[in-house]
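# Observations on the model geometry
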Amino acid sequence: MTTTPAPVRTRAGDRAAPAAPPLRPRRRPNDTSQWIAWAFVTPLMIYLVLFYAFPLYRNIELSLHDYTPRAFVRGNAEFVGFQNYADIFGSSSFAKAATNTALFTIGSIAFQYAAGLALAVFFRANFKLSAVLRGLFLIPWLLPMIVSASAWAWMFNSDNGIINAALRVVGLDPVNWLTSPDVALTSVIIANIWLGIPFNLVILYSGLQNIPADYYEAASLDGANAWQQFWRLTFPLLKPVSAITLLLGLIYTLKVVDLIWIMTAGGPGDTSTTFATWSYREAFGAGNPDFSPAAAVGNLLIVVALAFGLIYLQMQRKLEKQ
Amino acid sequence: MTGTRSLWKTLIALALTAIMLFPVYWIVNVSLTKTSNLRRSPPSLLPLDPTLEGYVAAFSQQLPQLGTSLLVGVGTVLLTLVVAAPASYAMATLNLKGRQGLSFILLVAQMIPAVVMAMGFYAIYLKLGLLNSLWGLILADSTIAIPFAVLLLQAFMSGVPTELLQAAKLDGSGVWRTFVSIILPLSRNSLLTVSLFAFLWAWSDFIFASTLNRSGDLIPITLGIYKFIGNNTTQWNAIMATAVIASIPAAILLVVAQRYVAAGVTAGAVKD
């Protein structure tokens with residue numbers, strides 16, 4: 001390691017800037033046999049087949065059979081075709097879960113994005129401590145979910161939570177944040193917005209860095225104020241990055257189980273149950289595990305996530321071409 | 001920009017950071033509160049009468065869980081590196097045919113909800129007897145990190161100058177030697193980034209822990225806290241003390257490697 005010539009290391013080590021133009025036409029030495037290349041990829045391929053493809057296949061199989069806990073152990077579950085899918089679509093929980101999933105994802109990403117963008121624009125200016133404080137904003141994103149979720153659960157506690165204590169101080173009535181059917185979903189959305197702000201801030205901030213400073217100088221010379229600069233310059237130029245941030249946020253938010261499960265377990269009733277928590281509850285929640293409908297809900301979730309995922313990949317490709 | 005305007009911005013930024021980090025402060029505050037004061041209304045905003053009883057309870061009950069999480073985290077990092085680094089090397093520098101298809105698969109793999117993976121793993125582990133085992137948990141946790149690791153590493157390795165690889169070849173260095181003595185040392189920073197994230201994700205994982213390792217002797221800290229909450233809702237100081245301890249790796253990560261954390265968040269999002 002120490003024998004590596006220093007200049008080379010710094011050159012490749014600082015990958016922020018594009019590599020210097022190569023002397024020769026840029027082509028990889030391609031006489032290396034494909035066999036060797038594939039040998040290096042083999043562990044990954046085996047890994048993907050065993051630990052991605054196989055669980056997903058098992059999951060499809062679960063959803064097409066009627067797996068009771070006993071059939072699970074014996075391995076003699078009855079094949080029922082698409083019955084589990086028909087059941088979940090006909091289930092009384094379906095409409096509620098669909099509405100909650102939509103409210104949870106849209107509510108979360110709309111506010112995360114707005115707050116993240118406002119903060120990114122604010123932190124774009126260089127002031128004292130700006131880098132340090134921006135770094136501190138990452139903390140919610142790095143904390144283990146159980147830590148954040150239990151902290152919010154305690155803050156939202158009806159009797160002893162700090163939030164109700166604050167409401168009492170200003171003369172408002174306390175709210176049963178996690179135990180009232182009308183508010184539980186809002187409470188988990190608030191916590192999830194808090195969790196997602198760092199991610200939005202970081203991506204949008206890095207997007208802002210790619211807007212040349214001369215544009216702003218020219219705009220100031222033309223007498224545009226900060227508000228106009230934002231709406232006529234920043235926001236339009238940031239559109240591709242915004243689209244990507246929102247889509248990634250959407251895909252992440254669709255998957256959320258742990259936050260909701262730890263705070264409300266999807267309740268009271270199923271007032272804060274999303275597709276992801278519904279699936280988790282059927283399979284691993286209290287009571288008898290019901291893997292087959294759980295797998296059906298899970299596969300439905302995959303289809304939705306992948307649909308948005310493909311849109312995301314399409315957009316990213318477009319962005320790269322620009 | 002004038003000095004006063006900059007000062008104002010700093011003050012506003014401090015206020016915003018304080019609001020944002022209030023829940024984090026609250027975790028620390030509650031962790032230092034006496035059990036008898038937990039139900040006081042309104043709660044004390046400052047730990048004026050601090051106690052370590054929460055931490056004593058946390059350490060006496062959660063030490064094995066912390067150890068388990070450490071093992072799972074380290075295991076996940078090693079597995080991730082062993083699988084991802086050679087593959088990234090081949091994708092980046094060996095002209096691998098099918099590289100684009102593989103990248104696509106890895107991007108899509110990252111979008112699969114963990115709860116779905118957990119069910120598949122559960123069904124498989126039940127047959128293999130891997131439920132409630134550390135190995136099972138390490139394998140499952142690594143699925144969070146490996147696609148990300150390959151994409152990040154191969155993006156970095158593609159930037160290694162071609163001339164360097166050709167020079168190595170002229171010197172008679174084989175593919176394996178080039179990988180070990182040129183590519184790996186050069187990729188130190190991105191290997192570090194990948195390791196940090198793999199560790200943090202494995203350490204923080206709740207879904208796999210709560211499904212694949214529910215009743216084992218060795219449960220990770222995330223599940224330790226969850227069961228702690230379920231068993232005693234009166235001792236929130238101890239719960240929050242455990243939460244503080246469980247957040248140490250995240251804190252270290254932020255202090256030691258803030259630059260890489262931001263790089264990791266943006267990798268695969270804006271450019272990959």
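See the structure shown above.
The sections below set out a description of the structure shown in this document. Note that the structure is a prediction, hence the values are computed from the model and not measured.

What counts and how
- Residues numbered from 1 in each chain as written.
- Chains lettered and ligands numbered in written order.
- Predicted model: local features only at pLDDT ≥ 70, side-chain atom pairs only at ≥ 80, totals over all residues.
- Heavy atoms only, no water.
- Helix = DSSP H or I, 4+ residues; strand = E, 2+ residues; numbered from the N terminus.
- Buried < 20%, exposed > 50% of the residue type's maximum accessible area, 1.4 Å probe, protein only.
- Contact = heavy atoms within 4.5 Å.
- Salt bridge = Lys/Arg side-chain N within 4 Å of Asp/Glu carboxyl O.
- Polar contact = N/O pair within 3.5 Å; in protein donor to acceptor, adjacent residues only side chain to side chain.
- Phe/Tyr/Trp six-rings, centres within 6.5 Å; stacked < 30°, edge-to-face > 60°.
- Lys NZ or Arg CZ within 6 Å of the ring centre and 35° of its normal.

A separate point is the overall build of chain B. When helices and strands are counted, chain B shows 13 helices and 0 strands. Mapped in sequence order, the helices and strands of chain B form the string α-α-α-α-α-α-α-α-α-α-α-α-α. Principal-axis analysis of the C-alpha atoms gives chain B an extent of 75 × 70 × 30 Å. Split into buried and exposed, the 272 residues of chain B put 59% on the buried side. Sequence separation of 24 or more characterises 72% of the internal contacts of chain B that already satisfy a separation of 6 or more.

With that out of the way, let us pick up the pattern of salt bridges. Taken as a whole, this structure holds 2 salt bridges over all chains when the rule is applied. With a shortest N-O distance of 2.7 Å, A:R58 and A:E61 are connected by a salt bridge. With A:R58 and A:E61 both in helix α2 (residues 34–64), this residue pair falls 3 residues apart, about one helical turn. The partner of B:D49 in a salt bridge is B:K34, with the nearest N and O atoms 3.2 Å apart. Of the two residues, B:D49 is situated in the loop between α2 (22–31) and α3 (53–93) and B:K34 in the loop between α2 and α3; the sequence distance between them amounts to 15 residues. Under the relative-accessibility criterion, B:D49 is labelled partly exposed at 41%. Judged by relative accessible area, B:K34 falls into the partly exposed class, the value being 27%.

Turning our attention to the side chain of A:K255. In this structure, A:K255 sits in helix α13 (residues 239–255). A distance of 2.9 Å separates a polar atom in the side chain of A:K255 from the backbone oxygen of B:Q110.

Residue and element names in this part refer to chain A. If you walk through the whole model with that rule in mind, you get 42 aromatic pairs over all chains. Relative to Y57, the ring of F54 lies with its centre 6.3 Å away and its plane at 15°, an arrangement referred to as stacked. On the criterion of helical spacing, the pair formed by F54 and Y57 is a turn pair, its members being 3 residues apart in helix α2. With a centroid separation of 4.9 Å and 45° between ring planes, the pair formed by F89 and F94 is classed as tilted. With a relative accessible area of 17%, F94 lands in the buried category. Sitting above the plane of the Y205 ring, R134 keeps its charged end 3.9 Å from the centroid.

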